[in-house]
Amino acid sequence: KDADEIFGPLPKPEILLTHDIDYIKTTLQMRLKYFVKIIITFTSNNKMLLNFLKLFKNTTFWEFNKIIELEKKYDKTSVWNFYSKTSKYNISPKSWLLNPSYNISNKKFKKLFNSLRKSKHKIGLHQSYESYNKYKVMKLEKLKIESVTEEKVKICRQHWLHFDIFKTWSIQEACGFELDLSLGFNDNWGFRNSSAFKCPAWLNNKEEFSKSLFSLPLILMDSHLFDNYKTYEKRTEIIDRVLDEIMVTRGNASIVWHQRVFNPEYGWDKEYKYLLEGMKEREIL
């Protein structure tokens, strides 16, 4: 007997497109972090220095409609992970520096959430840096975004992928999440834990797999390409390798492109279009 007869047909390869919303405009925190990055890497890259100078412009990164229309052309939708600021906890200097600073409790965001829902996109939570081991913090953030969006939020990704394998999944499950997208690398593309499949989250406190929370690995992020590869040709080569691996394994995983990089100040949208085209050619869902 062949494999299909014994095990059933192979699954369709699938990639979940996501966008983490870290900044909606240039901020002091953004400038400080970019400056530290230049110092740490000891870079003489003129382009990076030029981009740092551009950060002193008051640029708005409200690129949502541009992305929605682009994905619509390829019959795709995304998960949009928004930060949910809770002033009760985010008051330390570290929180001020590392976390996003926007507030979703205004009319502009409520209008955006309605637009995303109408376009069949999903809304997720981008938890704060310090929430990874604090149930009360994560729960408050989830309750706030649900009160603003007026719907249950079941998908999440930890900010900066700040994650504890022994604690975070247990807290996420207790908060009522059903899908976590945090299992990935901050600094490079790849299949963490050699995983290209959605699987139950491990609950260390119970020493068992969750029956309600699943983990979907993150395999590629915009900065993975632009921080490590200087040419368009090399970046698209990596995109092809990632898509081909998903095809070969018939796997499923997530990819994140931050909405701010679609702004002309970044200009990272060309590679995203290449990604969408590659998914279309390979018939990846």
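The rules behind the values
- Residues numbered from 1 in each chain as written.
- Predicted model: local features only at pLDDT ≥ 70, side-chain atom pairs only at ≥ 80, totals over all residues.
- Heavy atoms only, no water.
- Helix = DSSP H or I, 4+ residues; strand = E, 2+ residues; numbered from the N terminus.
- Buried < 20%, exposed > 50% of the residue type's maximum accessible area, 1.4 Å probe, protein only.
- Contact = heavy atoms within 4.5 Å.
- Polar contact = N/O pair within 3.5 Å; in protein donor to acceptor, adjacent residues only side chain to side chain.
- Core = buried A, V, L, I, M, F, W, Y, C linked by side-chain atoms within 4.5 Å.
- Axes fitted to C-alpha atoms, helices over the stretch in contact; angles between N-to-C directions.
- Parallel < 35°, antiparallel > 145°, perpendicular 65-115°, else oblique.
- Left-handed = near helix turned anticlockwise from the far one by under 90°.
- Nonpolar A, V, L, I, M, F, W, Y, C, P; charged D, E, K, R; others polar.
- Lys, Arg positive; Asp, Glu negative; His and termini not counted.
- Salt bridge = Lys/Arg side-chain N within 4 Å of Asp/Glu carboxyl O.
- Arc of directions from axis to C-beta.
- Phe/Tyr/Trp six-rings, centres within 6.5 Å; stacked < 30°, edge-to-face > 60°.
- Pairing = 2+ DSSP bridges.

Draft legend 1. Focus on the overall build of the chain. In terms of helices and strands, the chain carries 11 helices and nine strands. The C-alpha extent of the chain, read off along each of the three principal axes, is 65 × 45 × 40 Å. Taken across its 285 residues, the chain has 51% of its residues classed as buried. The contacts of the chain with a sequence gap of at least 6 include a subset with a gap of at least 24, amounting to 77%.

Draft legend 2. The side chain of Arg235, seen in detail. Along the chain, Arg235 turns up in helix H10 (residues 232-249). A polar contact of 2.9 Å, which involves the side chain of Arg235, links it to the side chain of Glu271. Among residues more than four places away in sequence, those in contact with Arg235 are Leu225, Phe226, Tyr229, Lys230 and Glu271.

Draft legend 3. Looking closely at the nonpolar core. Counting residues in hydrophobic clusters, the biggest one holds 56 residues, and the most contacted among them are Phe82, Trp257 and Leu275. Counting five residues, the second largest nonpolar core, distinct from the first, contains Val79, Ile155, Leu179 and Leu181.

Draft legend 4. Local environment of the packing of helix H7 (residues 135-149) against helix H8 (residues 168-175). The N-to-C vectors of H7 and H8 enclose an angle of 40°; their axes lie 10 Å apart at closest approach. When the axes of H7 and H8 are compared, the pair comes out oblique. Between H7 and H8 lies a crossing whose hand is right-handed. Where H7 approaches H8, its residues Tyr135, Met138, Lys139 and Lys142 are matched on the opposing element by Thr168, Ile171, Gln172, Ala174 and Cys175. Per-class residue counts for the contact of H7 with H8 are five nonpolar, two polar and two charged.

Draft legend 5. Quick look at the side chain of Asp269. Looking at the element boundaries, Asp269 is found in helix H11 (residues 269-282). It turns out Asp269 is buried and unbridged, and the closest side chain with the opposite charge, Lys273, is 4.0 Å from it. Leaving out residues up to four positions away in the same chain, Asp269 has contacts with Val261 and Phe262.

Draft legend 6. Summary view of helix H4 (residues 64-73). Listed as buried for H4 are Phe64, Ile67, Ile68, Leu70 and Glu71. The buried residues of H4 all sit within an arc of 165° when viewed along its axis, so they share a single face. Facing away from the buried side of H4, by more than 90 degrees, are the exposed residues Asn65, Lys72 and Lys73. Where H4 is buried, its residues contact strand E1 (14-21), strand E2 (79-82), helix H6 (107-118) and H11. Positive backbone phi, at 60°, marks Asp75, one or two positions downstream of H4.

Draft legend 7. Representation of the packing of aromatic side chains within the structure. Inspection of every chain in the model, using the stated rule, returns 18 aromatic pairs. Between the aromatic rings of Trp62 and Phe64, the centroid separation amounts to 4.7 Å while the plane-to-plane angle is 75°, which identifies the pairing as edge-to-face. For Trp62, a relative accessible area of 24% corresponds to the partly exposed category. Since its relative accessible area comes to 0%, Phe64 is described here as buried. For the pair Phe64 and Trp80, a centre-to-centre distance of 5.6 Å together with 50° between the ring planes defines the contact as tilted. Within this pair, whereas Phe64 is found in helix H4, its partner Trp80 is found in strand E2, the two being separated by 16 residues in sequence.

Draft legend 8. How the structure looks around the sheet that holds strand E8 (residues 218-221). An order of E6-E7-E5-E4-E3-E2-E1-E9-E8 is seen for the nine strands of this open sheet, with the pairing classed as mixed. Edge strands, defined here as strands with exactly one partner in the open sheet, are strand E6 (199-203) and E8. Taken together, the four bridges between E6 and strand E7 (residues 208-215) define a ladder with antiparallel strand orientation. If you follow Trp202 over to E7, its bridge partner there is Phe209.

Draft legend 9. View of the pattern of salt bridges. Counted by the stated rule, this structure contains 11 salt bridges. One salt bridge connects Lys66 with Glu63, and the closest N-O pair in it is separated by 3.0 Å. Glu151 is paired through a salt bridge with Arg117; the nearest N and O atoms lie 3.5 Å apart. Note that Glu151 is positioned in the loop between H7 and strand E4 (155-158) and Arg117 in helix H6, a separation of 34 residues in sequence. The class for Glu151 is partly exposed, based on a relative accessible area of 25%. Looking at Arg117, the relative accessible area reads 26%, which means it is partly exposed. Several salt bridges converge on common partners, so that one network encompasses Asp240, Asp244 and Arg282.

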